[in-house]
Amino acid sequence: GAVVSQHPSWVICKSGTSVKIECRSLDFQATTMFWYRQFPKQSLMLMATSNEGSKATYEQGVEKDKFLINHASLTLSTLTVTSAHPEDSSFYICSATELYGYTFGSGTRLTVV
Amino acid sequence: KNQVEQSPQSLIILEGKNCTLQCNYTVSPFSNLRWYKQDTGRGPVSLTIMTFSENTKSNGRYTATLDADTKQSSLHITASQLSDSASYICVVSLTGGFKTIFGAGTRLFVKA
């Protein structure tokens, strides 16, 4: 079946630094990928839709200058959290659409100290 | 307003018992409904996907039902195992694009 690989699975960074998270579709091409954020015991919240070769579409309330998304190829989308702050600490998950629906990455636990 | 509501919010059952999780939606135009299992600290994994014309779909011990008329779906877990402890998320997609609505999930705890 379709596999989406997300890296890293966890990261700890200092406040003010930037962190890049990668999302790769391993055995299929994904023109569209999605980035979500999930706080403890809450459901996934869509942050943005990443489109290959064009600008990402951000959900209301999500700062596009803080959460930079790049989808330069059909198999790779990246999310960069810029100038991270402790309140950015969360679980970030990507997904890609394929024939049978959405396949999710394994998630990245970001902790900003 | 497009909404997906899941119940119960959480559930504790004994190992070996069956359970049923509910998902009610007010999404239109409806495309498909999927159930995902999300282990703590992991990404969701697809269990079943059903379109408008399908009313039941099984995946091992997981059986999902869909009533498109009443806009209700259920996920039945048979002979629960400790590894079934997870959050189960109902996701409904609209036609005409990638718009999806996530339910808040049901947290299932299976105890020995």
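Above this text sits the structure in question.
Residues numbered from 1 in each chain as written. Chains lettered and ligands numbered in written order. Predicted model: local features only at pLDDT ≥ 70, side-chain atom pairs only at ≥ 80, totals over all residues. Heavy atoms only, no water.

Trainee: Quick question: what am I supposed to make of unusual backbone geometry here?
Mentor: Glycine aside, residues mostly have negative phi angles, and peptide bonds mostly take the trans form. Residue and element names in this part refer to chain B. Backbone torsion omega between Ser7 and Pro8 reads -10 degrees, so that peptide bond is classified as cis. Mapping Pro8 onto the fold places it in the loop between strand S1 (4–7) and strand S2 (10–14). Following Ser28, the chain continues into Pro29 via a peptide bond in cis, with omega recorded as -5 degrees. Mapped onto the secondary structure, Pro29 falls in the loop between strand S3 (19–25) and strand S4 (30–38). With a phi angle near 60 degrees, Lys71 is a residue other than glycine that sits in the positive phi range. (Helix = DSSP H or I, 4+ residues; strand = E, 2+ residues; numbered from the N terminus.)

Trainee: I'm lost on the interface of chain B and chain A in this one. Help?
Mentor: Interface size is often expressed as the accessible area that is lost when the parts come together. Across the contact, 14 residues belong to chain B and 16 residues belong to chain A. With both chains or domains summed, chain B and chain A bury close to 1,300 Å², and 59% of this area falls on carbon and sulfur atoms. Counting the contacts that link chain B with chain A gives four residue pairs in polar contact (both at pLDDT 80 or more). Looking at the side of chain B that touches chain A, the elements that each hand over two or more residues are S4 and strand S10 (100–102) of chain B. Per-element tally for the side of chain B that touches chain A: the top contributor is S4(B), with three residues. (Contact = heavy atoms within 4.5 Å. Buried area = accessible area lost by both parts, 1.4 Å probe. Polar contact = N/O pair within 3.5 Å; in protein donor to acceptor, adjacent residues only side chain to side chain.)

Trainee: I would appreciate a short explanation of the sheet that holds strand S8 (residues 72–77) of chain B in the present structure.
Mentor: Sheets are built from strands paired through backbone hydrogen bonds, the pairs being either parallel or antiparallel. Residue and element names in this part refer to chain B. Spatial strand order, S1-S3-S8-S7-S6: five strands in an open sheet with antiparallel pairing. If you trace the sheet from one side to the other, it starts and ends with S1 and strand S6 (56–59), each paired once. Taken pair by pair, the neighbouring strands of this sheet meet at an average axis angle of 15 degrees, ignoring direction. Alignment of S3 against S8, held across six bridges, turns out to be antiparallel. Bridging across to S8, Asn24 finds its partner in Gln72. (Pairing = 2+ DSSP bridges. Axes fitted to C-alpha atoms, helices over the stretch in contact; angles between N-to-C directions.)

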